[in-house]
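# Residue-level structure breakdown
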Amino acid sequence: MATRLDLADILTFSQSYGERRPPQFVVAATLAGELGQIIHVAKRLSLSSKNARVITVRAGEWGRGFSGITQFIDEYARRTIMCAERINQASSELSRRSIRNLFMDQVVHRLARVIEKKREKSESIVGCHRRLKDNCQAMARESDAATRRLGQDIAEIRECTRALSSLVAICRIEASRAGPFQEALGVIASEIELSTERLLRSVNSGQRILEMLSGPLVSTR
């Protein structure tokens, strides 16, 4: 699994561009790489809940309390996977669109310079410049909308992660009541806790990276 970016890494990345905002396609690709691993963590979490379900079936009455929790864990894990898959797809598309925007911006800038230098304005060049400029603005609006959707998906993953965090303590309590199955369910509870912590770190990093698309990153230290 890829190494997660911590706040210092993200700040270093942002500050490496000085006063300029990092290019959208670079930020989008970084975001996809950082949050892509959420899919793997969430799948591991879902597997842990399925393993717990198998144990609770064997445990019978001893595992009844833990059994009720596994359904919620699996549901939140599946929601997280769906959001992460949407983020991965949207980030890749945003990166590709950003590269097209960059190219079109350069063409618009060059056409504007040609128009400025020519004493006699060419209607065809002026018209082409106007259309390209309108296209750039439309694509910029699409990119802004895509960025907002990414933010909504990250917020949903954060919500799922918080819910999972609240279930960890219940898992611990129910595992301690499982009699001869206490150790096995305790191991599952630890796996769920570890996966939840990893999800939270990744989603926090993803949120900070996403902020680069709309403004400068400010250190909270």
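Residues numbered from 1 in each chain as written. Predicted model: local features only at pLDDT ≥ 70, side-chain atom pairs only at ≥ 80, totals over all residues. Heavy atoms only, no water.

### Notes on the pattern of salt bridges
Put simply, the test is: Within this document, salt bridges are pairs made up of a side-chain nitrogen of Lys or Arg and a carboxyl oxygen of Asp or Glu, the two lying within 4 Å of each other. In DSSP terms, a helix is any run of H or I states spanning at least four residues, a strand is any run of E spanning at least two, and both are numbered starting from the N terminus.
Evaluated as defined, the whole model comprises ten salt bridges. A salt bridge links Glu159 to Arg79; the shortest N-O distance between them is 3.8 Å. Of the two residues, Glu159 sits in helix α4 (residues 123-176) while Arg79 sits in helix α3 (residues 64-117), which places them 80 residues apart along the sequence. Linking Arg177 and Glu174 is a salt bridge whose minimum nitrogen-to-oxygen distance equals 3.4 Å. Members of the salt-bridge network, linked through shared partners, are Arg79, Arg86, Asp153, Glu156 and Glu159.

### Examining the packing of helix α2 (residues 24-59) against α4
Heads up, the condition is: All axes are obtained by fitting lines to C-alpha atoms, using only the stretch in contact for helices, and the reported angles, taken between N-to-C directions, cover 0 to 180 degrees. An angle below 35 degrees is treated as roughly parallel, one above 145 as roughly antiparallel, one from 65 to 115 as roughly perpendicular, and anything else as oblique. Helix crossings get a hand from a simple test, with the near helix turned counterclockwise from the far one by less than a right angle marking a left-handed crossing and a clockwise turn marking a right-handed one. It only takes one pair of heavy atoms within 4.5 Å for two residues to be counted as in contact. Under the scheme applied here, ten amino acids are nonpolar (Ala, Val, Leu, Ile, Met, Phe, Trp, Tyr, Cys and Pro), four are charged (Asp, Glu, Lys and Arg), and all others, including Gly, are polar.
Running from amino to carboxyl end, α2 crosses α4 at an angle of 30 degrees, the nearest separation of the two axes being 13 Å. Here α2 lies roughly parallel to α4, going by the angle between them. Crossing of α2 against α4: the hand is left-handed. Listed contacts from α4 to Gln24, Leu31, Leu35, Ile38 and Leu45 of α2 are Ser143, Leu150, Ile154, Ile157 and Leu164. Here the contact of α2 with α4 is composed, by residue class, of eight nonpolar, two polar and no charged.

### Points about the confidence of the model for the protein chain
Regions with low pLDDT carry predicted coordinates that are not meant to be interpreted in detail. Stated precisely, the cut-off is as follows: pLDDT is a per-residue confidence score from the predictor, ranging from 0 to 100.
This prediction gives the protein chain a mean pLDDT of 79; 85% of its residues lie at or above 70. In this model residues 216-221 is a low-confidence stretch, pLDDT under 50, and it forms eleven contacts with partners more than four residues away in sequence or in other chains.

### Notes on the side chain of Ser143
Heads up, the condition is: Working definition: with a 1.4 Å probe on protein chains only, accessible area under 20% of the residue-type maximum means buried, over 50% means exposed, and in between means partly exposed.
Looking at the secondary structure, you find Ser143 in helix α4. Under the relative-accessibility criterion, Ser143 is labelled buried at 1%. Contact partners of Ser143, with chain neighbours within four places excluded, come to Gln24, Leu94, Arg97 and Asn101.

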